[in-house]
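# Residue-level structure breakdown
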Amino acid sequence: MIQRDASTISLWQGNIEPFQSTLIADHMATYDVIIVGGGITGLTTALLLQEAGKRCLLLEANNIGFGTTGGTTAHLNTILDTSYAQIEKNFSKEDAGLVRESVGAAIGLIQQNIERFSIDCGFDYTDAYLFAQDEKQTEALDIIAKSAREEGVNITLQDQLPVPFNFTKAYKIAGQARFNPLAYIYGLARAFENAGGIIVQDCRVIEIHNTNHIKVDTTIGEFTGMNIVYATHVPPGINLVHLRCVPYRSYALAVRLADNAYPAELIYDMHEPYHYFRTQEVNGKKYLIAGGEDHQTGHHENTEQCFRNLEALVRAHFKVKSVDYKWSSQFYESADGLPYIGNMPGQPDNVYVATGFGGNGMVYSGVAAMVIRNIIMGKHRATEKLFNPNRIKPIAGFTNFVTHNADVVKLFFGKLFPAHKLAELAEMAPGEAQVVNYDGHRVALYKDDEGMLHAVNPVCTHMKCEVGWNSAERSWDCPCHGARYDADGKVLNTPADRDLEHLDISHDTSKVEAHEQF
Ligand SMILES: Cc1cc2nc3c(=O)[nH]c(=O)nc-3n(C[C@H](O)[C@H](O)[C@H](O)COP(=O)(O)OP(=O)(O)OC[C@H]3O[C@@H](n4cnc5c(N)ncnc54)[C@H](O)[C@@H]3O)c2cc1C
């Protein structure tokens, strides 16, 4: 099994072995393009550029699929979370058409890759159903349907649903698709290596120095490139782009059914946030995947309740034999409903970013790969302007920089905390966590299943907000920009690129007292 940025295990993650890279990177070489991030965006971009004749190096901080690509639910849609009506309103009718064309091309690219590289990832085209359950939802659904039809989506009114839900109105959308995302990106990774590309896992990019060439500082030394693509879902450091992206947690279940009534189609309700249901066969077993219950990262007191709500909804409509997987993951909404793809704001022209995909990153990753490939290859298309991250209005006094917050100091360096005093402050059962006041400072405490205390400084290393506990994932999540850390403060999600300060705890009172005398 591979690691993910979470303590829950996703259906995809639980059914795959770690990817083994076969080629070794050269610290002395100058790569044409260095791609940061081994999710679907990084791997698709890397493959397209390598095939276009560029010498590419892909650096992944953990393992391939560690990020949201390992925790997605992998629908491939031309009906998007931002309706075509909304895109028309925020941009123009012509732009809505361009988005429709781009996402269609992205699904085509996935199908083509699967065929060309014989990737066994359970891909197939299927219909989707979108249904409303009250008057307000019906109105919203009609707007979505009308604008989608105008953009050439094959959407038709239905008087039946393939699942047992009450509804006021329902539409069928043809030509949607689904697949196993990790099986797919492993296929891309192999194709990239076969084309001469290099993948390095367990290699975190720390900082870049952009002079003549880009010098990339990583946890395993320096690499040099002519261009760099941040395919890290949001870029690390502080940049206007992620100040314009709102992070959300989203929840999913994979269940086995007692009566084999697995829907062949993709099903979506119209709640805010919406729920969805679909089937996928993985390693010879069928699963019903259900998802939803989204909320802004760090803004939900009881994240385990999200799983309970979702499970109750599934059980109310399906005969559940077993709940085999429960997981959550993170996505980022852009301010205007379209992703930011292209040159990173405030950076030289050879620094690229792809972010703000919302719940459509499986297709927008393909759009991003094609847009960035075209820019680097000097082919300028209308999509370059449409998705340009520099459409974000600058904020007065804000200086863009892709670096860490140099201001974060080690507040507790050399201090030893007495375990018994901390335990008195926070009465916690195993598995629980709290942020407490100790000696004039805020301390984030977690008691593990064996009763051991883990303590970190709760100040997020990104922009100094205070992190809060996410009980479903046993992680410290930042409510400001979505940085996440494990119980020991290790970075799980950008934009943070530095761990939380780890605090030393001692159970030996005399040791603490001796320490305090210095
Ligand atoms: C629950 C859920 C369900 C979803 N369902 C769908 C769906 O059905 N259809 C759809 O289209 N979209 C869906 N999405 C959205 C989609 O999954 C994401 O947009 C997509 O997976 C993002 O892929 P990515 O490659 O850009 O980022 P990620 O998969 O997050 O990859 C980023 C990678 O960058 C690495 N990284 C980060 N920092 C560094 C660094 N400094 N150095 C090196 N590496 C670094 C990380 O370790 C990670 O592996 C869903 C999202 C969620 C949360």
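This text goes with the structure placed above it.
Residues numbered from 1 in each chain as written. Predicted model: local features only at pLDDT ≥ 70, side-chain atom pairs only at ≥ 80, totals over all residues. Heavy atoms only, no water.

### Focus on the overall build of the chain
We count it as follows: Note on conventions: DSSP H or I runs of at least 4 residues are helices, E runs of at least 2 residues are strands, and numbering of each starts at the N terminus. Only C-alpha atoms enter the radius of gyration, while the globule expectation follows 2.2 Å times N to the 0.38, with N the number of residues. Per-residue accessibility, obtained with a 1.4 Å probe over protein chains only, is compared with the maximum for each type, and a residue is labelled buried under 20%, exposed over 50%, and partly exposed between these values. Each accessible area value is a Shrake-Rupley result obtained with a 1.4 Å probe; residue values ignore everything except the protein chains displayed when judging cover. A residue counts as positive if it is Lys or Arg and as negative if it is Asp or Glu; His and the chain ends are not included. To locate a charge, take NZ of a lysine, CZ of an arginine, CG of an aspartate or CD of a glutamate.
When helices and strands are counted, the chain shows eleven helices and 26 strands. Taken against the 2.2 N^0.38 rule, which gives 24 Å for 518 residues, the C-alpha radius of gyration of the chain at 23 Å falls within 12% of a compact globule. Referenced to the eigenvectors of the C-alpha coordinate spread, the extents of the chain come out at roughly 75 × 60 × 50 Å. Within the chain, the fraction of its 518 residues that count as buried is 58%. Of the roughly 21200 Å² that the chain leaves accessible, carbon and sulfur atoms contribute 48%. Between the averaged position of the 44 positive side-chain charges in the chain and that of its 62 negative side-chain charges there is a distance of 4 Å.

### Section: the nonpolar core
As a reminder of what qualifies: Side-chain atoms within 4.5 Å link the members of a nonpolar core, which is a set of buried Ala, Val, Leu, Ile, Met, Phe, Trp, Tyr and Cys residues. Residue ranges assigned to the domains are those given by an automatic or database domain assignment.
The biggest cluster of nonpolar side chains holds 87 residues, and the ones touching the most others in it are F179 and Y184. The leading source of residues in this core is helix α8 (residues 361-376), at eleven residues. Both of domain 1 (31-123 + 179-203 + 219-244 + 335-399) and domain 2 (128-173 + 247-328) provide at least three residues apiece to this core. The next biggest cluster of nonpolar side chains, apart from the first, holds 27 residues, and it includes C203, V205, I214 and L240.

### Details of the state of the cysteines
Going by this rule: In what follows, a disulfide is any cysteine sulfur pair within 2.5 Å.
Within the structure shown, the criterion is met by one disulfide. Take C306: it sits in no disulfide, and the sulfur closest to it among the cysteines is that of C478, at 18 Å. Among the residues examined, C306 registers a relative accessible area of 2% and is labelled buried.

### A closer look at the sheet that holds strand β19 (residues 433-438)
As a reminder of what qualifies: The pairing criterion is simple: DSSP has to find at least two bridges between the two strands. Every axis corresponds to a line fitted to the C-alpha atoms, with the helix fit spanning only the stretch in contact, and the corresponding angles, defined between N-to-C directions, vary from 0 to 180 degrees.
Here five strands make up an open sheet; going across it, the order is β18-β26-β21-β20-β19 and the pairing mixed. Of all the strands in the sheet, the pair left with one neighbour each is β18 (416-418) and β19. Averaged over neighbouring strand pairs, the angle between their axes works out to 40 degrees when direction is ignored. Pairing of β18 with strand β26 (residues 502-506), which is carried by three bridges, proceeds in the parallel orientation. Residue pairing for β26: F417 is matched across the bridge by I505.

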